[in-house]
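Structural overview
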Amino acid sequence: MNWEQLLSLKRFGDTNKRIRKEQDETRLGFEVDYDRVIFSSEFRSLQDKTQVIPLSETDFVHTRLTHSLEVSVVGRSLGRRVGQKLLEKHPHLQTVHGYQANDFGAIVAAAALAHDIGNPPFGHSGEKAIGEFFKTGEGKIYKNQLTAKEYQDLCDFEGNANGFKILTENRAGRHGGLRLSYATLGAFMKYPKESLPKKPTRHIADKKYGFFQSEKEAFQDIANELGLLKRSSRDVSYSRHPLAFLVEAADDICYTIIDFEDGINLGLIQEEFALEYLSKIIRDNIRPENYYALSTKEDRIGYLRALAIGSLINEAVDIFMKHEDAILKGDFDCALLDKSKYEAQINDIIKISVENIYQSDDVVDKEIAGYGVINTLLKTYTNAINNGFNNTASNYDKLILKSLPKTISVNDSGLYKRLSSVCYYVSLLSDSKAILDYKKIRGIEF
């Protein structure tokens, strides 16, 4: 892979390729990507989607929206720092092609901003709930009517693939989805493969999948434009865009440190744990007099969090540059932080978070409720749409169909497309809207 192709300014849905030197310096092409994500309705819905603590009524616990904004800020810093070093190493990118360090930051910031845009309500349990409806629930009846890959898309419903759908899907008046640059779309794709074969290798790019069968053609177009390396001759599987490693690192840094911070602020984890574990990452940068001068727990933890994030940013940049050649060849097979000298401390923090936050009674109880909500919505909507298509709709089915938006493929002859459109609709619901629709269907509230 080469940076000249990887930094493509061509927009998805456009026919003409753009070059960096043609851009307006006041609003660079890659910065437009950030703006388009920010102003999308799908991004706005993240303000009412669970990050870790579902439906929290406190002010300081993160939602998907605040998490995405913070990941984007960290991603921008990572991109700019790496961009500076890459331009020093490959000066022709600046002297010949006109790229600036800020271009790298803008690409990573936009891709990081969108990294959770496809996540359904109720956190990762929402993904699992959709998958289990088709794998072991009433949706299992569709297995023999779909191809293996189509069925796997539904059984392992993946927020990353759903996000790619949001960013690229053609709709009435919106050709090319959000019409982002190919470079940003490439950086967004952490798992550039289809749903099968499942985890064919231990390579980080094979951990999950990144697009549904409905977006297969769009994905291949982007991969070819960017010059991504093909990793399989039998299936659609490519090496990552190098900047996807930075998007992943930004997410890893934020959820490791900030989920930990949320747990402490909620009283689920003792404050002393922050000083014990975060100080090992910060090391010589911490100033005890500054820490103890802060009067509130939130301010003290915020101080440690900021220093820890800064330390991990510095290290992620060093790891990326050390392995740049391997990354461009597609040979780097793990996340950047897997090479971190702080890996033991990071694992300790994640373990504490799992035990005290992710498995807390409040989280578990609301994830159970989320399963019930999503299962009811999927059952009701898939029955209504398929019965409507087969002209066997009951009066109840007809009422349900009237309540659904026209974006759902009610009359499409393809079963996969009908089922996918239901999953897509449910995935875009906020936590509160999903609960409201559930109550309406169950006759609890209207």
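Scroll up to find the structure.
Before going into details, it helps to say that this report is about the structure given with it. All figures in this text were calculated on a predicted structure; none of them were measured in a lab.

This next bit is on the overall build of the protein. Counting its secondary structure elements, the protein contains 21 helices and 0 strands. A globule of 446 residues ought to have a C-alpha radius of gyration of about 22 Å, and the protein, at 22 Å, matches this closely. The principal-axis extent of the C-alpha atoms belonging to the protein is close to 70 × 55 × 40 Å. Counting all 446 residues of the protein, 57% fall into the buried class. Within the protein, counting contacts between residues at least 6 apart in sequence, those at least 24 apart form 73% of the total. Working note: accessible area of the protein is about 19500 Å², and carbon and sulfur atoms make up 48% of it.

The final tally for this structure, using the stated rule, is 18 salt bridges. In this structure, Arg 64 and Asp 116 form a salt bridge, with 2.6 Å as the shortest nitrogen-oxygen distance. One end of the pair, Arg 64, is in helix α4 (residues 64-89); the other, Asp 116, is in the loop between α6 (101-113) and α7 (124-135), and 52 residues separate them in sequence. Judged by its relative accessible area of 3%, Arg 64 is buried. Here the residues in one salt-bridge network are Lys 149, Glu 194, Lys 216 and Asp 235, joined through shared partners.

Moving on, we get to unusual backbone geometry. A cis amide bond, omega 0 degrees, links Leu 196 with the succeeding residue Pro 197. With respect to the helices and strands, Pro 197 occurs in the loop between α10 (182-188) and α11 (216-226). The phi angle at Lys 199 is positive, at roughly 45 degrees, despite the residue not being glycine. Considering the arrangement of structural elements, one finds Lys 199 in the loop between α10 and α11. For Lys 199, a relative accessible area of 54% puts it in the exposed group.

Where helix α2 (residues 29-38) is concerned, the buried positions are Gly 29, Phe 30, Val 32, Asp 33 and Val 37. In an axial view of α2, the angular spread of the buried residues amounts to 145 degrees, which keeps them on one side of the axis. Elements that come into contact with the buried residues of α2 comprise α3 (41-44), α6 and α10.

Structurally, the position occupied by His 115 is in the loop between α6 and α7. Residue classification places His 115 among the buried positions, given a relative accessible area of 6%. A polar atom in the side chain of His 115 sits 3.3 Å from the side chain of His 67. At 2.6 Å, the side chain of His 115 and the backbone oxygen of Ala 112 are in polar contact.

Bringing the state of the cysteines into the picture now. For the structure on display, the rule yields 0 disulfides. Considering cysteine sulfurs only, Cys 423 is the nearest to Cys 155, which forms no disulfide, with 10 Å between them. According to the relative accessible area criterion, Cys 155 is buried, its value standing at 5%. Cys 334 carries a free sulfur, and the closest cysteine sulfur to it, the one in Cys 254, is 20 Å from it. Accessibility expressed as a relative area gives 13% for Cys 334, which makes it buried.

Glancing now at the environment of Gly 302. Following the sequence through the fold, Gly 302 ends up in helix α15 (residues 297-322). By relative accessible area, which is 12% here, Gly 302 ends up buried. Along the primary structure Gly 302 and Asn 265 are separated by 37 residues, whereas in three dimensions their C-alpha atoms are 10.0 Å apart.

Attention shifts here to the packing of α4 against helix α12 (residues 242-265). At a minimum axis distance of 8 Å, the contact between α4 and α12 shows a crossing angle of 130 degrees. In terms of orientation, α4 lies oblique with respect to α12. Classified by chirality, the crossing of α12 by α4 is right-handed. Of α12, the residues touching α4 (which contributes His 67, Glu 70, Val 71, Val 74, Gly 75, Leu 78, Gly 79 and Val 82) are Leu 246, Val 247, Ala 249, Ala 250, Asp 251, Ile 253, Cys 254, Tyr 255 and Ile 258. The class makeup of the residues in the contact of α4 with α12 is 12 nonpolar, 3 polar and 2 charged.

For the rest of this paragraph, the subject is the nonpolar core. Among the nonpolar cores identified, the biggest contains 95 residues, and Trp 3, Leu 78, Leu 243, Leu 278 and Phe 320 are the most heavily contacted of them. When near neighbours in sequence (up to four residues on either side) are disregarded, Phe 320 contacts Trp 3, Val 82, Leu 86, Pro 242, Leu 246, Ile 327 and Leu 336. One finds Phe 133, Phe 134, Val 422 and Val 426 within the second-largest nonpolar core, a separate group that totals 36 residues.

Take the side chain of Asn 119 next. In this structure, Asn 119 sits in the loop between α6 and α7. Assessed through its relative accessible area of 3%, Asn 119 is described here as buried. Every residue in contact with Asn 119, bar those within four places of it in the chain, is listed here: Lys 49, Arg 64, His 124, Gly 159 and Ser 427.

For the rest of this paragraph, the subject is helix α19 (residues 395-403). Restricting attention to buried positions, one finds in α19 the residues Asp 397, Ile 400 and Leu 401. Across the axial projection of α19, the buried residues extend over an arc of 100 degrees, all falling on one side. Set apart from the buried face of α19 by more than 90 degrees, the exposed residues are Asn 395, Leu 399 and Lys 402.

Let us now look at the packing of aromatic side chains. Enumeration over the complete set of coordinates arrives at 12 aromatic pairs. Between Phe 219 and Tyr 238, the aromatic rings sit 5.6 Å apart at their centres with planes inclined by 70 degrees, giving edge-to-face as the arrangement. Pair noted here: Phe 219 is in helix α11 and Tyr 238 is in the loop between α11 and α12, with a separation of 19 residues, a long-range link. Tyr 238 carries the same exposure label as Phe 219, and that label is buried. Members of the aromatic cluster, each reached through a chain of ring pairs, are Phe 164, Phe 211, Phe 219 and Tyr 238. The ring of Tyr 424 carries Lys 165 above its face, with NZ or CZ at 5.6 Å from the centroid. The lysine or arginine in question, Arg 418, covers the ring of Phe 389, its NZ or CZ lying 4.1 Å from the ring centre.

Definitions and cut-offs
- Residues numbered from 1 in each chain as written.
- Predicted model: local features only at pLDDT ≥ 70, side-chain atom pairs only at ≥ 80, totals over all residues.
- Heavy atoms only, no water.
- Helix = DSSP H or I, 4+ residues; strand = E, 2+ residues; numbered from the N terminus.
- Rg over C-alpha atoms; globule rule 2.2 N^0.38 Å.
- Buried < 20%, exposed > 50% of the residue type's maximum accessible area, 1.4 Å probe, protein only.
- Contact = heavy atoms within 4.5 Å.
- Areas by Shrake-Rupley, 256 points an atom, 1.4 Å probe, with all protein chains shown as cover.
- Salt bridge = Lys/Arg side-chain N within 4 Å of Asp/Glu carboxyl O.
- Arc of directions from axis to C-beta.
- Polar contact = N/O pair within 3.5 Å; in protein donor to acceptor, adjacent residues only side chain to side chain.
- Disulfide = S-S within 2.5 Å.
- Axes fitted to C-alpha atoms, helices over the stretch in contact; angles between N-to-C directions.
- Parallel < 35°, antiparallel > 145°, perpendicular 65-115°, else oblique.
- Left-handed = near helix turned anticlockwise from the far one by under 90°.
- Nonpolar A, V, L, I, M, F, W, Y, C, P; charged D, E, K, R; others polar.
- Core = buried A, V, L, I, M, F, W, Y, C linked by side-chain atoms within 4.5 Å.
- Phe/Tyr/Trp six-rings, centres within 6.5 Å; stacked < 30°, edge-to-face > 60°.
- Lys NZ or Arg CZ within 6 Å of the ring centre and 35° of its normal.

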